[in-house]
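Chain and residue survey
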Amino acid sequence: MDPVVIPILVAALVVVFLVAATVRIVPQARRYNIERFGRYRRTLQPGLNFVLPVADRVNTKLDVREQVYSSDPKPVITEDNLVVNIDTVLYYQITDPRAAAYEVADYLQAIDQLTVTTLRNVIGSMDLEATLTSREEINARLRAVLDDATGKWGIRVNRVEIKAIDPPNTIKEAMEKQMRAERDKRAAILHAEGERQAKILTAEGTKQKDILEAQGTQQAMILRADGESKAVELVFQAVHRNNADAKVLAYKYLETLPHLAQSDNNTFWVIPGELTEAIRTVTTAFGDQSAGAGAGPSVSAEREDAAAADVAAADKDGVGAPEIEPNSPLALDAVAAADEAAKEAAAAVSDAKAEAEAAGETRLPGRGRASGA
């Protein structure tokens, strides 16, 4: 090898070494602390940086992104002397690389120990129930203490979250029993409320049903009474329009009389006082018709006159219409007499019609007048 080439190669190697020792490329979100002869010189920012070879060296490389640190469960005693295990999650970020490297030896260990101490101070003033229900308050107090302490270390604590609070097993069993009892209580209350609502709705339905039925019955009775009123009015108008005489009305009166004793619900029935006048009218009519035909008084007319005389005598004495008990001999005789009178009246009317037709005249009983042939 040529002796001139060797020095050139050595010089090239030295130049490459010096260039490599001079140039420092820092990645994004990284910070390099540079020391010159053992003393902090500066912090390299991301990108291309130049340093003095041999004199300057990189002491620490730090990541300035937000980082997460999860601590192990730590035993903490509450105010009511119960030991609970609490583990936390810490979100922090390095804001000053020089302070993070030179103000504290191990910032993660320092933060962990500070978190445990603060937790014991905070939880020690709360009972178990308050500890389980006051996570937001605990987080806020932890963050305030850690942020104040880590500020001089070049670290900002963004959030502190309690990941889990584990009470003892006996307390867990008691809490499960309490929760089960609370659920059973709510279920019983809901069941009772459901039954109450069901009974209320049933009662309301029954009430509405009774009201509707009563209204329906009322409307039916009103319509029935209205119908009967109109029927009576129509009958009244027909009677007056056809000019019915007293003889026809007396005959219809005697025809209706036997129906008074036909009801099974009657314990007694009364013979109306108008019976005397009705019998007298019918007797007179049939007597006149028989005389016009040349026949003498019939046996039925004599019976009717006798019955009319008895009733008139009773009225004159102030006794009035006698009350006759049903199924008594007197009631049966009265019913039989009324039926017999109705039959004889019908026979007399038929005979009168036959005689009138034979004489060439037609008599209309419903109007009470005769028309000549």
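Our subject in this report is the structure included herewith. (Residues numbered from 1 in each chain as written. Predicted model: local features only at pLDDT ≥ 70, side-chain atom pairs only at ≥ 80, totals over all residues. Heavy atoms only, no water.)

Let us now look at the sheet that holds strand β2 (residues 30-36). A sheet is described by the order of its strands in space; here 3 strands give the open sequence β3-β2-β5, paired in antiparallel fashion. Whereas interior strands pair on both sides, the edge strands pair on one side only; in this sheet they are β3 (39-44) and β5 (56-63). Taken pair by pair, the neighbouring strands of this sheet meet at an average axis angle of 25 degrees, ignoring direction. (Pairing = 2+ DSSP bridges. Helix = DSSP H or I, 4+ residues; strand = E, 2+ residues; numbered from the N terminus. Axes fitted to C-alpha atoms, helices over the stretch in contact; angles between N-to-C directions.)

By size, the foremost hydrophobic cluster in this structure holds 27 residues, and its most contacted members are Ile86, Leu90, Ile138 and Ile155. Of all the secondary structure elements, the ones that give two or more residues to this core are β8 (83-94), α3 (107-123), α5 (135-150) and β9 (155-166). Per element, the largest residue contribution to this core is 6 residues, and it comes from α3. For Ile86, the contacting residues outside a window of four places in its chain are Asp72, Pro73, Lys74, Val76, Leu119, Ile123, Ile162, Ala164 and Ile165. Grouped together as the second largest cluster of nonpolar side chains are 5 residues, Val26, Tyr32, Ile34 and Leu44 included. (Core = buried A, V, L, I, M, F, W, Y, C linked by side-chain atoms within 4.5 Å. Buried < 20%, exposed > 50% of the residue type's maximum accessible area, 1.4 Å probe, protein only. Contact = heavy atoms within 4.5 Å.)

Considering the arrangement of structural elements, one finds Thr118 in helix α3. Remark: the alpha-carbon pair of Thr118 and Leu146, spanning 28 residues in sequence, is separated by 8.4 Å. Ignoring sequence-local partners within four residues, the contact set of Thr118 consists of Arg141, Leu142 and Val145.

Another point: unusual backbone geometry. Positive phi, close to 65 degrees, is recorded for Ala29, a residue that is not glycine. Judged by its relative accessible area of 16%, Ala29 is buried. Even without glycine at this site, Phe37 takes up a positive phi of about 55 degrees. With respect to the helices and strands, Phe37 occurs in the loop between β2 and β3. Phe37 gets classed as exposed once you look at its relative accessible area, which sits at 70%.

Further remarks concern a negative patch on the surface. There is a patch of like negative charges on the surface, built from Glu79, Asp80, Asp127 and Glu129. With respect to the helices and strands, Glu79 occurs in the loop between β7 (74-77) and β8. (Patch = residues over 30% accessible without salt bridge, like charges linked within 9 Å, V, L, I, M, F, W, Y side chains within 5 Å. Areas by Shrake-Rupley, 256 points an atom, 1.4 Å probe, with all protein chains shown as cover. Salt bridge = Lys/Arg side-chain N within 4 Å of Asp/Glu carboxyl O. Lys, Arg positive; Asp, Glu negative; His and termini not counted. Charge placed at Lys NZ, Arg CZ, Asp CG, Glu CD.)

Here we come to the packing of aromatic side chains. Summed over the entire model, instances satisfying the criterion amount to 2 aromatic pairs. With a centroid separation of 5.6 Å and 70 degrees between ring planes, the pair formed by Tyr40 and Tyr102 is classed as edge-to-face. With Tyr40 in strand β3 and Tyr102 in helix α2 (residues 97-102), this pair connects stretches of sequence that are 62 residues apart. The interplanar angle of 65 degrees and the centroid separation of 6.0 Å between the aromatic rings of Tyr92 and Tyr107 together place this pair among those described as edge-to-face. In this pair, Tyr92 sits in strand β8 while Tyr107 sits in helix α3, placing the two residues 15 residues apart along the sequence. The ring centre of Tyr91 lies 5.7 Å from the NZ or CZ of Arg159, which sits over that ring. (Phe/Tyr/Trp six-rings, centres within 6.5 Å; stacked < 30°, edge-to-face > 60°. Lys NZ or Arg CZ within 6 Å of the ring centre and 35° of its normal.)

For the structure on display, the rule yields 1 cavity of 30 Å³ or more. Taken as a whole, the largest cavity spans an internal volume of roughly 40 Å³. Of all elements in the fold, only β8 and α3 reach the threshold of two or more residues within the lining of the largest cavity. Of all the elements, α3 adds the most residues to the lining of the largest cavity, at 3 residues. Each residue belonging to the lining of the largest cavity can be placed in one class, and the counts come to 3 nonpolar, 3 polar and 1 charged. (1 Å grid on protein atoms, 1.4 Å probe; cavity = no way out; pocket = protein on both sides within 12 Å on 5 of 7 lines; lining within 4 Å. Points joined across faces, edges and corners; volume = space filled by probe spheres on them. Nonpolar A, V, L, I, M, F, W, Y, C, P; charged D, E, K, R; others polar.)

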